[in-house]
Amino acid sequence: KQEVTQIPAALSVPEGENLVLNCSFTDSAIYNLQWFRQDPGKGLTSLLLIQSSQREQTSGRLNASLDKSSGRSTLYIAASQPGDSATYLCAAPETKGGSEKLVFGKGTKLTVNP
Amino acid sequence: DTEVTQTPKHLVMGMTNKKSLKCEQHMGHRAMYWYKQKAKKPPELMFVYSYEKLSINESVPSRFSPECPNSSLLNLHLHALQPEDSALYLCASSTRDRGLYTGELFFGEGSRLTVL
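Fair warning: this is a prediction, and the values are worked out from it, not measured in the lab.

Calculation criteria
Residues numbered from 1 in each chain as written. Chains lettered and ligands numbered in written order. Predicted model: local features only at pLDDT ≥ 70, side-chain atom pairs only at ≥ 80, totals over all residues. Heavy atoms only, no water. pLDDT = per-residue confidence, 0-100. Helix = DSSP H or I, 4+ residues; strand = E, 2+ residues; numbered from the N terminus. Contact = heavy atoms within 4.5 Å. Buried area = accessible area lost by both parts, 1.4 Å probe. Salt bridge = Lys/Arg side-chain N within 4 Å of Asp/Glu carboxyl O. Polar contact = N/O pair within 3.5 Å; in protein donor to acceptor, adjacent residues only side chain to side chain. Buried < 20%, exposed > 50% of the residue type's maximum accessible area, 1.4 Å probe, protein only. Pairing = 2+ DSSP bridges. Axes fitted to C-alpha atoms, helices over the stretch in contact; angles between N-to-C directions.

**Side note on the confidence of the model for chain A**
- The predicted model of chain A has a mean per-residue pLDDT of 94, with 97% of residues at 70 or higher.
- Here strand β10 (residues 102–104) of chain A stands out as the element of chain A with the lowest mean pLDDT, 93, in contrast to strand β11 (residues 108–113) of chain A, whose mean of 98 is the highest.

**A word on the interface of chain B and chain A**
- Contacts between the two partners involve 24 residues from chain B, matched on the other side by 22 residues from chain A.
- Of the roughly 1800 Å² buried where chain B meets chain A, counting both sides, 53% is carbon and sulfur surface.
- Of all residues in chain B, B:Tyr101, B:Glu104 and B:Phe107 give up the largest surface area on contact with chain A, accounting jointly for 25% of the area buried on that side.
- At the surface where chain B touches chain A, the tally comes to one salt bridge.
- The partner of A:Lys101 in a salt bridge is B:Glu58, and the shortest N-O contact between them spans 2.8 Å.
- For the interface between chain B and chain A, the tally reads six residue pairs in polar contact (both at pLDDT 80 or more).
- Elements that contribute at least two residues to the side of chain B that touches chain A include exactly β4 (31–37), β5 (44–50), β6 (53–57) and β9 (87–94) of chain B.

**Here we look at the environment of B:His10**
Residues and elements named next belong to chain B.
- Residue position: His10 is located in strand β2 (residues 10–13).
- The class of His10 is exposed, set by a relative accessible area of 63%.
- Distance from His10 to Leu88, taken between C-alpha atoms, is 9.1 Å for residues 78 residues apart in sequence.

**Concerning the sheet that holds strand β6 (residues 56–59) of chain A**
All names here are of chain A.
- Across the sheet, which stays open at both edges, the five strands sit in the order β1-β3-β8-β7-β6 with antiparallel pairing between neighbours. This sheet does not close on itself; its edge strands, each paired only once, are β1 (4–7) and β6. Put simply, the sheet's adjacent strands are angled 15° from each other on average, direction ignored.
- Where β6 meets strand β7 (residues 62–67), four bridges bridge the pair, whose relative direction is antiparallel. Note that in β7 the partner of Gln57 across the bridge is Ala64.

**Looking at the pattern of salt bridges**
All names here are of chain A.
- Considering all chains together, one arrives at five salt bridges over all chains under this definition.
- Note that Arg61 is salt-bridged to Asp84, the shortest N-O span being 2.9 Å. Taken together, the positions of Arg61 in the loop between β6 and β7 and Asp84 in the loop between β8 (72–77) and β9 (86–93) put the pair 23 residues apart, joining distant regions of the chain.
- Judged by relative accessible area, Asp84 falls into the buried class, the value being 8%.

Below, the structure written as structure tokens:
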């Protein structure tokens, strides 16, 4: 059974700092991994999807990496801004039987202070 | 257009009411999902429809009844709910090919349900 862990649970940084959010997963036979952002009371916004054949995926100031062998993914945010404040969730598929089920980590709550 | 639309945004209902949540997507996705999210917790999967057939039911109580009328629409019918069912209900969709590969998930803004 897939288990996803995110560290740290919360992070507070000053504006302009570069930061890294960590995600680990137990079943490395995944075909992709997805990072989401969630603002309070809102739905989830997809940030990046990394395929198992990729090692990195970039979108603007965001860069996500995937290391299947170690069961880890990181989300790098460059030059953080107050508007980046949100909860960031990573999700990996339950791989048994071609399941469509995504298993979510508990998230990292990011606060960027002006 | 990468949009999943959910209605209503907010719903208050009594324990004897019958109501429905609706979800629509026009991205041509063939997998649609209902998730439940309680405050400060990650989303929990409830149901998955793949090619309009129910493929996953995560042992959800029968007071929640999903329906997929066509490839663009997903409903969640609610009946005799309990106060502990109050939560944010999220709909999502993704590509899903016959080789059992699931692509990127796109979520709606959610329906905030309060059961009195």
